[in-house]
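# Examining the three-dimensional arrangement
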Amino acid sequence: MLKDKTVVLGVTGSIAAYKAADIASKLVQAGARVEVVMTRAATEFVTPLTFRSITARPTVTGMFDLASEFSIEHVALAEAADLVLIAPATANIIAKLAAGIADDMLCCTVLATKAPIVLAPAMNVNMYHNPVTQENLAKLRSRGFSVVGPAYGRLASGEMGLGRLAEIREILESVRQVLGKRGDLAGKRIVVTAGGTQEPIDPVRHIGNRSSGKMGYAIAQAARDRGAEVVLITAPTALSDPVGMEVVHVQTSLQMREAVVKAIAGAHVLAMAAAVADYRPVAQSRSKIKKRADTLSLKLVRTPDILAEVEGEFIKIGFAAESEKLVENATEKLHRKNLDLIAANDITAADSGFDADTNRVVLIDAQGRAERLPLLPKSEVADRILDRARGLLAAER
Ligand code: C5P
């Protein structure tokens, strides 16, 4: 999605400016053409050469810099931009942008551009909480600027507070989300489940299914990047919450069912990538069960089959992790649960399924057509599944 996109990266004078080098590098790696514009203060923290080396493009530092092709035509960058990202954005640049000041190259570019703008503020905690900064940010938000962060944590002053530059991962996810706003899933509401539910036995133990959550998170992120409104309902995983979507944390299958039923109202697609436990203990012990006896029996009861239960005007997508008769078993599940599409994967293969970043799935539709996808990164499997969901949505109309 970032491929061949022009991202103007504005860097301003905060101690977090060194992190902008990593942001530039990640954008370049994702295929973007990155044009860095530094304010004078930023050049006190990092040198233009750093960015020039990373982006293989001249770094713009002033409006009157004769070495830069952009300084002659001072709004050329504004026109070339698909997106402007200012990271870190100081209280000063935020105030200038809110007021419409155009006394340096970055301000001019922002004032003249029609591209979407993302700000990642970083500053001292008191500067951030100062009503004038808050008013300026509110003003910019109301004009359509996206703001990511700041985060809470240790600041350069040694204090703890809000003011740290958001995580680079979050900043890059915001960029993708903003670029994807007019994507092919714009206006669609997509509910995704992920992770393995945990069914408590006592306060310290549970039974559950193995699941890293990676496939579900990949679908949620890909849908967001294509403009969808996403609700991610997740059982515990080791993954961080993606930005730009509603994330609902649940633990048990019953909680997951409740969250799905609530989220599904008005949804266009439900993709259930969660590994929902099939059984749960009938009763949960209030206190920790002591290990006295040599054997222990647990009485289990079936959990609700969420996917089979929910019905409505949405595309239902399920997953089938199988260790034998892949297509046959998955097709049976597709019919039994009344699905539009099922993604089946062979969990005995080492390069797909649990914990892996890649997956090899067979997509089977309600007509029984099976599409065998090659081994792909989970992000790409996610896009293929969403391509099919989009096709099914279009066919419905
Ligand atoms: O566990 P099973 O192989 O039947 O799972 C197939 C699909 O059904 C998966 O998409 C899973 O998320 C969903 N499922 C569910 N509720 C359950 C069990 C599975 O929604 N109790």
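Residues numbered from 1 in each chain as written. Predicted model: local features only at pLDDT ≥ 70, side-chain atom pairs only at ≥ 80, totals over all residues. Heavy atoms only, no water.

## Details of the pairing of strand S7 (residues 160–164)
In this sheet, S7 lies alongside strand S6 (residues 151–154) in antiparallel orientation, the contact comprising 4 bridges. Bridge pairing in S7 places Tyr-152 opposite Leu-162. Counting the residues that bridge the hairpin from S6 to S7 gives 5 residues, and of these Gly-158 lies at a positive phi of roughly 95°. (Pairing = 2+ DSSP bridges. Helix = DSSP H or I, 4+ residues; strand = E, 2+ residues; numbered from the N terminus.)

## Some words on the environment of Val-261
Along the chain, Val-261 falls in helix H12 (residues 253–263). The class of Val-261 is partly exposed, set by a relative accessible area of 46%. Here the alpha-carbon distance between Val-261 and Glu-309, two residues 48 residues apart in the chain, equals 9.7 Å. (Buried < 20%, exposed > 50% of the residue type's maximum accessible area, 1.4 Å probe, protein only.)

## Overview of the environment of Ile-264
Looking at where Ile-264 falls in the secondary structure, it is placed in the loop between H12 and strand S13 (269–272). Note: C-alpha distance between Ile-264 and Lys-378 (114 residues apart in sequence) is 24 Å. Discounting chain neighbours no more than four positions away, the residues touching Ile-264 are Val-191, Leu-270 and Phe-314. (Contact = heavy atoms within 4.5 Å.)

## A closer look at unusual backbone geometry
Cis geometry marks the peptide bond from Ala-87 to Pro-88; its omega dihedral reads -5°. For Pro-88, the position within the fold is in strand S3 (residues 83–89). Residues Gly-149 and Pro-150 are joined by a peptide bond in cis, for which omega reads 0°. Residue position: Pro-150 is located in the loop between strand S5 (146–147) and S6. For Ala-56, which is not a glycine, the phi torsion comes out positive at approximately 60°. By the secondary structure assignment, Ala-56 is in the loop between helix H3 (48–55) and helix H4 (69–72). You can call Ala-56 exposed: its relative accessible area is 66%. One non-glycine residue with positive phi stands out, namely Lys-325, at about 40°. Along the chain, Lys-325 turns up in the loop between strand S16 (315–322) and helix H14 (326–336).

## Regarding the site of the ligand
Taken together, 13 residues form the shell around the ligand, and within it Met-272, Ala-274, Phe-319, Lys-333 and Lys-337 come nearest. Here an oxygen atom of the ligand and a backbone polar atom of Met-272 are 2.6 Å apart. Compared with its free state, where it exposes 440 Å², the ligand has 89% of that area covered by protein. Elements with a minimum of two residues in the shell around the ligand: helix H13 (306–309) and S16. A per-class count over the shell around the ligand returns 7 nonpolar, 2 polar and 4 charged. (Near = heavy atom within 4 Å. Polar contact = N/O pair within 3.5 Å; in protein donor to acceptor, adjacent residues only side chain to side chain. Areas by Shrake-Rupley, 256 points an atom, 1.4 Å probe, with all protein chains shown as cover. Nonpolar A, V, L, I, M, F, W, Y, C, P; charged D, E, K, R; others polar.)

## Remarks on the packing of aromatic side chains
Overall, the coordinates contain 0 aromatic pairs when judged by the stated rule. Stacked on the ring of Tyr-279, the Lys or Arg Arg-302 has its end atom at 5.8 Å from the ring centre. (Phe/Tyr/Trp six-rings, centres within 6.5 Å; stacked < 30°, edge-to-face > 60°. Lys NZ or Arg CZ within 6 Å of the ring centre and 35° of its normal.)

## So, the domain arrangement of the chain
As assigned here, the chain comprises domain 1 (6–179) and domain 2 (189–395). Using only C-alpha atoms to locate each centre, domain 1 and domain 2 end up separated by 38 Å. The interface of domain 1 with domain 2 comprises 6 residues on the first partner and 8 residues on the second. If you sort the residues of domain 1 by the area they bury against domain 2, Arg-169, Glu-173 and Gln-177 come out on top, with a joint share of 72%. Summed over the shared surface of domain 1 and domain 2, the number is 1 salt bridge. Among the salt bridges present, the one from Arg-224 reaches Glu-173, with a minimum N-O distance of 2.4 Å. Joining domain 1 to domain 2, the criterion identifies 4 residue pairs in polar contact (both at pLDDT 80 or more). (Domains from an automatic or database assignment. Buried area = accessible area lost by both parts, 1.4 Å probe. Salt bridge = Lys/Arg side-chain N within 4 Å of Asp/Glu carboxyl O.)

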